[in-house]
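Chains, contacts and geometry: an overview
Here's the letter readout for the chains.
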Amino acid sequence: MDVSGILASHNAKLDSIKVEKETPLDVDAGFLTVTDPNPIDEDSYNSNLEEHLQSLARDGVQTLLASLFSLPTLPSPDGPLAQLPTPKTQLPRAKPLPKPKPLTKWEQFAKAKGIQKKKRDKKVWDEERQEWVNRWGKDGKNKQVEEQWIHEVPANADVDFDPRKAARDERKARVAKNEKQQLANAARAQTSGSNSRGERKQEIDRTLASSRISTASMGKFDKKLDGENKLRGVKRKFQPNEASIDAETKASLALLSKMESDSKKMRRDGPVPDESVLNVRKAVRFASKGQGGVALGRQAAGGKGKKAGKKRG
């Protein structure tokens, strides 16, 4: 078959249907994509959308095929294969690149000794059955010893020795050992990852400190662990027992104003169902010793005036 003649005829046909546009189409043969930077024809888009899209698709496919037939080729039993170039379009990633998985203990040993990893087949040949059987799982080759119809019993074995049970226990011990090694590799990978041992210790200390100060005593009466450091910077602020007359007056007036506004709102809107309602009258009567809110406000203002008069005298 004359491959060069076929390619020449194809190139001639593609040249005859070459797409001519104001701005040339951007072709990335590595990704087999074509980008059309030309503005959309509004009249064609609004008049017949389906025909407009088909025209754009036809132009893009023709341009892509023309670029593929201009690439170098390799012979194959199915025909010439085009050698695609390296893609030039920078595609964004939705997520960052995955971090390299740390090597297991066996992989580190194999790398140091130059041992090449060989993938084991899932099927093995059974001479007795004369067929391929599973290496593991149901009817697996690893269960052949415990499922065979005759077993060899050691001479020094106990009277109640069960060779089938012994083989099964040995197989389960191997499985448990493998799982233990996998957990150890996972723990080693987590320790050697981005979080170092010091960072993990600091994170544990912060979590412990947060749980300590979540109690009412701020962890004062909690039982200390062995080797636990003393918490620093954890203090609870209290209001002073003694304050100036001005501060007490402002606090009392603010409380009375809030209670009065809450009382008016409750009379206007009515009590809120399923919520606790403050007994404003009882609170005012208790704070003023039965004299009322106005008397309590006058007493606060009068106390301030007396103190000011003493200072002036």
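First, a word on what this report is: a plain description of the structure on this page.

Quick notes on the rules
- Residues numbered from 1 in each chain as written.
- Predicted model: local features only at pLDDT ≥ 70, side-chain atom pairs only at ≥ 80, totals over all residues.
- Heavy atoms only, no water.
- Helix = DSSP H or I, 4+ residues; strand = E, 2+ residues; numbered from the N terminus.
- Buried < 20%, exposed > 50% of the residue type's maximum accessible area, 1.4 Å probe, protein only.
- Contact = heavy atoms within 4.5 Å.
- Salt bridge = Lys/Arg side-chain N within 4 Å of Asp/Glu carboxyl O.
- Phe/Tyr/Trp six-rings, centres within 6.5 Å; stacked < 30°, edge-to-face > 60°.
- Expected span 1.5 Å × (residues − 1).
- Arc of directions from axis to C-beta.
- Polar contact = N/O pair within 3.5 Å; in protein donor to acceptor, adjacent residues only side chain to side chain.

The next subject is the environment of Pro37. Within the fold, Pro37 resides in the loop between strand E2 (33-35) and helix H2 (42-47). For Pro37, a relative accessible area of 45% translates into the label partly exposed. Among all residues touching Pro37, those that are not within four sequence positions of it are Thr23, Pro24, Leu25 and Asp26.

What follows deals with the pattern of salt bridges. Under the defined criterion, the tally for this structure stands at six salt bridges. The closest approach of N and O atoms between Lys21 and Asp36, which form a salt bridge, is 2.8 Å. Of this pair, Lys21 sits in the loop between helix H1 (3-16) and strand E1 (26-28) while Asp36 sits in the loop between E2 and H2, and the two are 15 residues apart along the sequence. Overlapping salt bridges bring together Lys21, Asp36, Arg58 and Asp59 as one network.

Here the focus is the packing of aromatic side chains. Enumeration according to the criterion identifies two aromatic pairs in this entry. Relative to Phe109, the ring of Trp106 lies with its centre 5.6 Å away and its plane at 35°, an arrangement referred to as tilted. Of this pair, Trp106 and Phe109 both sit in helix H4 (residues 105-113), three residues apart, which is roughly one turn of the helix. Ring geometry for Trp125 and Trp132: centres 5.5 Å apart, planes at 70°, overall edge-to-face.

By secondary structure assignment, the location of His52 is in helix H3 (residues 49-69). Beyond its immediate chain neighbours, meaning those up to four positions away, His52 contacts Ile40, Asp41, Ser44 and Tyr45.

In this section: H3. Over its 21 residues, H3 runs 31 Å from end to end, which matches the ideal 30 Å to within 8%, given 1.5 Å per residue. Among all positions of H3, only His52, Asp59, Gly60, Thr63, Leu64 and Ser67 are buried. Considered in projection along H3, the buried side chains sweep an arc of 125° and stay on one side of the axis. Seen from the buried face of H3, the exposed residues on the opposite side, beyond 90 degrees, are Glu50 and Glu51. In this structure, the buried side of H3 is in contact with E1, E2 and H2. Its side-chain oxygen at 3.5 Å from the backbone nitrogen of Glu50, Asn48 defines the N-terminal cap of H3.

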